[in-house]
Amino acid sequence: MSARLYDVALIGGGLVGLATAYALLEPPRRCSLVVLEAEPHLAAHQSGRNSGVIHSGLYYRPGSLKARTCVEGRQALYRFLEEQQIPYERCGKLVIATSARELPILADLQRRGHLNGLQGLRWLRAEEIPEYEPYARGLAALWVPETGITDFALVTQALARLIGQRGGEVRTRARAFRIHRLGREIIVETTAGDVRCRVLVGCAGLQADRVARLCGLHPDLRIVPFRGDYYELIPERRFLVKNLIYPVPDPELPFLGVHFTRRLDGRVEAGPNAALALKREGYTRWSLSVRDLGEMIAFSGFWRLIARYGRTGLREMARSFSRRAFARALERLVPEIRAQDLRPAPSGVRAQAVDLSGRLVDDFRILEAERMVHVLNAPSPAATASLRIGQIIAARALAHLEGG
Ligand SMILES: Cc1cc2nc3c(=O)[nH]c(=O)nc-3n(C[C@H](O)[C@H](O)[C@H](O)COP(=O)(O)OP(=O)(O)OC[C@H]3O[C@@H](n4cnc5c(N)ncnc54)[C@H](O)[C@@H]3O)c2cc1C
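Here the structure is a predicted model, which is why all the values come from computation and not from measurement.

Cut-off values and rules
- Residues numbered from 1 in each chain as written.
- Predicted model: local features only at pLDDT ≥ 70, side-chain atom pairs only at ≥ 80, totals over all residues.
- Heavy atoms only, no water.
- Near = heavy atom within 4 Å.
- Polar contact = N/O pair within 3.5 Å; in protein donor to acceptor, adjacent residues only side chain to side chain.
- Areas by Shrake-Rupley, 256 points an atom, 1.4 Å probe, with all protein chains shown as cover.
- Helix = DSSP H or I, 4+ residues; strand = E, 2+ residues; numbered from the N terminus.
- Salt bridge = Lys/Arg side-chain N within 4 Å of Asp/Glu carboxyl O.
- Buried < 20%, exposed > 50% of the residue type's maximum accessible area, 1.4 Å probe, protein only.
- Pairing = 2+ DSSP bridges.
- Phe/Tyr/Trp six-rings, centres within 6.5 Å; stacked < 30°, edge-to-face > 60°.
- Axes fitted to C-alpha atoms, helices over the stretch in contact; angles between N-to-C directions.
- Parallel < 35°, antiparallel > 145°, perpendicular 65-115°, else oblique.
- Contact = heavy atoms within 4.5 Å.
- Nonpolar A, V, L, I, M, F, W, Y, C, P; charged D, E, K, R; others polar.

J.: Would you mind going over the site of the ligand in detail, with residue names and values included?
T.: In the neighbourhood of the ligand, 38 residues make up the surrounding shell, with E37, S47, V53, A378 and T384 lying closest. At 3.0 Å, a backbone N or O of V16 approaches an oxygen atom of the ligand. One of the backbone nitrogen or oxygen atoms of A38 is found 3.1 Å away from a nitrogen atom of the ligand. For the ligand, whose free accessible area comes to 1000 Å², the fraction covered by protein is 97%. Of all the secondary-structure elements, those providing two or more residues to the shell around the ligand are α1 (15-24), β18 (342-355) and α10 (382-402). Element by element, the count of residues in the shell around the ligand is highest for α10, at three residues.

J.: Residue-level account of the pattern of salt bridges, with values.
T.: Going through the model one piece at a time under the given rule, you end up with 33 salt bridges. One salt bridge in this structure joins E128 and R122, with 2.8 Å as the shortest N-O distance. The partner of D229 in a salt bridge is R227, and the shortest N-O contact between them spans 2.8 Å. There is no split in this pair, since D229 and R227 are both buried. Members of the salt-bridge network, linked through shared partners, are D209, R210, R213, R280, R291, D292 and E295.

J.: Which residues make up the sheet that holds strand β8 (residues 148-150), and what are the values?
T.: Ordered in space as β3-β8-β4, the three strands form an open sheet in which the pairing is antiparallel. The open sheet has two edge strands, β3 (53-54) and β4 (88-89), and neither has a second partner.

J.: A description of the packing of aromatic side chains should follow, citing residues and the corresponding values.
T.: Inspection of every chain in the model, using the stated rule, returns nine aromatic pairs. Between F226 and F255, the ring centres sit 5.2 Å apart and the planes meet at 50°, which makes this aromatic pair tilted. With F226 in strand β13 (residues 221-233) and F255 in the loop between β14 (244-247) and β15 (259-262), the pair connects residues that are 29 residues apart, well separated along the chain. Exposure remark for F226: the relative accessible area of 8% places this residue in the buried category.

J.: Give a description of the packing of helix α2 (residues 65-84) against α10 that names residues and reports values.
T.: Between two packed helices, the angle of one axis relative to the other and the distance separating the axes together describe the packing. It is the contact of α2 with α10, at a shortest axis distance of 6 Å, that shows an interaxial angle of 110°. One finds that α2 runs roughly perpendicular with respect to α10. Where α2 abuts α10, its residues L65, T69, C70, E72, G73, R74, A76, L77 and F80 lie against T384, A385, L387, R388, I389 and I392. Of the residues that constitute the contact of α2 with α10, the class distribution is nine nonpolar, three polar and three charged.

J.: Quick rundown of the side chain of N243? Include the residues and the values.
T.: The topology assignment puts N243 in the loop between β13 and β14. What makes N243 buried here is its relative accessible area of 14%. Among the polar contacts made by the side chain of N243, one reaches the side chain of R262 at a distance of 2.8 Å. Those residues in contact with N243, other than ones at most four positions away along the chain, are C91, G92, E133, F260, T261 and R262.

J.: Which residues make up unusual backbone geometry, and what values do they have?
T.: Residue P28 is reached from P27 by a cis peptide bond, and omega for that bond is 5°. Looking at where P28 falls in the secondary structure, it is placed in the loop between α1 and β2 (33-36). For the peptide bond that leads from G271 to P272, omega is -10°, which places it in the cis range. Note that P272 resides in the loop between β16 (268-271) and β17 (275-276). In this structure, Q85 takes a positive phi of about 55° despite not being glycine. Tracing the sequence through the fold places Q85 in the loop between α2 and β4.

Here you go:
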């Protein structure tokens, strides 16, 4: 067992865990902490396998944690990227309505955007769309100038470096597998040895509910993994997309629909869809974990989820297995796109919490217990919002620390 007693141990070396550690070490505070990461390197899961979009805050219910932290987190992130000299572009994006049914939803998004404090939103008529995206078509569109792109793996690395400079520790290959209390201490048994701490913070992404259960808690939700498959445009067809082109999302779902994203290196990605995955860290269409699947089907909320969203789920699965079906969704935004313009790109898996009634938990969810804080739901836009979410979790962890 390590002789040192840390003030705080954080489980999870993704953006949320690292941003929390960074906020805990904000000068002049002196707090000893260690970040425990299961994998050999940081950003191995969601934080390193995402679209790289700095979201504006357009979509989220005004007043929700997502809305507040996305807008404030975006502003903090742009400052951080500038200070740390991490490449980014504030390139803006288009959200395009391609059917009459989508027009009122798009208008509602514009209202939400205003309520969330977004600047410079512009409603475009059909004939104005090509001024922004020459090959895109639709009935109307919303121009969102505050959206940007970056590489979140670089943000993760910068945070880890700054944590080290501020006296914190980041340990990789340290998977927490047993956690118990011993008097006023919490003992975390990891694959790199035991760690003693006063306060524990769980930021374990795809394993968030399991880490909470390791701590003896019984959250009323489960993480259900949703794989996001991507394609990229073959280089000769990249000219079809200048920046970011999104469809109008289904207001019932927290996913945004397959879209086009230009990356900083000039590649243009298409995706991600949202297919139910049979393994939490399963990055191929055929990945399966008996444990993950068994736990999923033993959870009553899972069957209610299937009953609620089964039809949408089948459509998303079809897109996983058929490039043509994927291309059809993209064609609505850019009619010249053909299946042969797409080649497969690496997938990501979202950690999406599902409650007992089978609903996809929409907002970020944080659970507190005695000297513990657990982040149970931090899907998109948590990369954008991470610096602000980190401050909120850090404040809660410090309250536990100061409360003894
Ligand atoms: C396909 C996809 C696209 C996305 N696109 C965007 C986007 O464009 N913009 C945006 O803002 N957001 C986006 N997101 C969301 C964003 O990436 C995530 O919300 C964010 O990265 C979550 O960070 P995290 O730290 O909670 O999780 P993770 O990055 O998953 O980190 C959790 C860490 O905990 C570790 N861990 C788990 N269990 C243990 C254990 N027992 N012991 C020790 N360590 C453990 C894991 O190894 C992992 O590294 C996207 C997500 C996906 C999947």
